[in-house]
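Coordinates in review
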Amino acid sequence: MVKYLELVEDVLTHGKLKKGSQAVSALTVYGRQIHYNLGEGFPLITTRDMSGSWRALVGELLWIMSGSDKAGDLHKHGVHLWDQWATPQTSGKLGLPDGELGPIYGPQLRNFGGKVDQLTQVIGMLQRNPNTRRAMISLWNLGDVEIDGVEKVFIAPCVAMLHFTHQDGELGLHVFQRSADVPIGVPFDVAEYALFLMLVAKEVGLKPSTLVHTMSDTHIYEDQDPAMKELLKRKPRSRPTITITDSPSGGLLDHRVEDFQLHGYDPHPRIKIPVAT
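Below is a summary of the structure that appears in this document. (Residues numbered from 1 in each chain as written. Predicted model: local features only at pLDDT ≥ 70, side-chain atom pairs only at ≥ 80, totals over all residues. Heavy atoms only, no water.)

1. What about the overall build of the chain?
Within the chain one finds eight helices and 10 strands. What you see for the chain is a C-alpha radius of gyration of 18 Å, in line with the 19 Å of a compact globule of 277 residues. For the chain, the C-alpha atoms occupy an extent of roughly 50 × 45 × 35 Å along the three principal directions. A separation of at least 24 residues holds for 70% of the contacts in the chain among residues at least 6 apart in sequence. Surface summary for the chain: the accessible area is close to 13,200 Å², and the carbon and sulfur share equals 51%. Seen as two clouds, the 28 positive and the 32 negative side-chain charges of the chain have centres 3 Å apart. (Helix = DSSP H or I, 4+ residues; strand = E, 2+ residues; numbered from the N terminus. Rg over C-alpha atoms; globule rule 2.2 N^0.38 Å. Contact = heavy atoms within 4.5 Å. Areas by Shrake-Rupley, 256 points an atom, 1.4 Å probe, with all protein chains shown as cover. Lys, Arg positive; Asp, Glu negative; His and termini not counted. Charge placed at Lys NZ, Arg CZ, Asp CG, Glu CD.)

2. Examining the pattern of salt bridges
Taken as a whole and assessed by the stated rule, the structure comprises 14 salt bridges. Its salt-bridge partner being Lys18, residue Asp217 comes within 2.6 Å of it at the nearest N-O pair. Taken together, the residues Asp217 in strand E8 (residues 207–221) and Lys18 in strand E1 (residues 16–18) connect sequence positions 199 residues apart. The class for Lys18 is partly exposed, based on a relative accessible area of 34%. (Salt bridge = Lys/Arg side-chain N within 4 Å of Asp/Glu carboxyl O. Buried < 20%, exposed > 50% of the residue type's maximum accessible area, 1.4 Å probe, protein only.)

3. Concerning helix H2 (residues 54–66)
Here H2 contains 13 residues, and its C-alpha end-to-end distance of 19 Å stays within 8% of the 18 Å for a straight helix at 1.5 Å per residue. The buried fraction of H2 amounts to 11 of the 13 residues, a majority that puts the element mostly inside the structure. Taken together, the buried positions of H2 are occupied by Trp54, Ala56, Leu57, Val58, Gly59, Glu60, Leu61, Leu62, Trp63, Ile64 and Met65. Buried residues in H2 make contact with helix H3 (71–75), helix H5 (105–110), helix H6 (118–128), helix H7 (185–204), strand E9 (241–244) and strand E10 (260–263). A positive backbone phi angle near 90° is found at Gly67, which sits one or two residues after H2. (Expected span 1.5 Å × (residues − 1).)

4. Re the packing of H6 against H7
Each pair of packed helices can be summarised by the angle the axes make with each other and by the distance between the axes. The contact between H6 and H7 brings their axes to 9 Å, and the two run at 50°. One finds that H6 runs oblique with respect to H7. Crossing geometry of H6 relative to H7 is assigned as right-handed. Facing Leu119, Ile123, Leu126 and Gln127 of H6, the residues of H7 in contact are Phe196, Val200, Glu203 and Val204. (Axes fitted to C-alpha atoms, helices over the stretch in contact; angles between N-to-C directions. Parallel < 35°, antiparallel > 145°, perpendicular 65-115°, else oblique. Left-handed = near helix turned anticlockwise from the far one by under 90°.)

Right, dumping it as structure tokens:
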């Protein structure tokens, strides 16, 4: 994962301070891209320990695939990532029932525009014609984010678009991320969408190959700077591997967190990194 460290150094070196919606300004660059070959191992960074996030990233993926926007459904996987944005106060401000997050990742994936199950449709496309160039999923619908200054969600999807491509029996995934928090969000999202690629590839009978990650607004918050400089002192270790057991029913949407096993993960110690709010 040398390329991830190069990205960190790039942002620290070339980033320009930008004030966003968060309280802390961020060093920002635009339009970066990294290719991750899954044949070289699973792309979970080793320069800091992310084993404590494994359940969260697997559980969140399963929750997104279910189509839910309810924090309580994520709790079923033992994950509480979204709780701070699903309080009665936050939900109430958006006119949502308590514990609901609105049209975020899950509803966009499974009920885009109130009528399209993109996950089912894209899997069907790839099964009928693996060479299709139309196997795209949009997680960004502006009408569900903000209209005339009125916000519809508290946290808009950072990952905006996914495109599956096939070549020589292998399935690749191009992920476009509109907003990329390099220290925390990027390592988490890369691992999560690599798992998504592996699941879809298994479902359509292809071998998972390359995850291409394109980041538009790519940033490191000022208070994350010391942690990232510490990270740069460390050398990446060998990537881990993943095994995915069939779900109890054999169905794609019935997986449990326990079906995903991480092997050979030998990271450096964890680093505490501030989360921008």
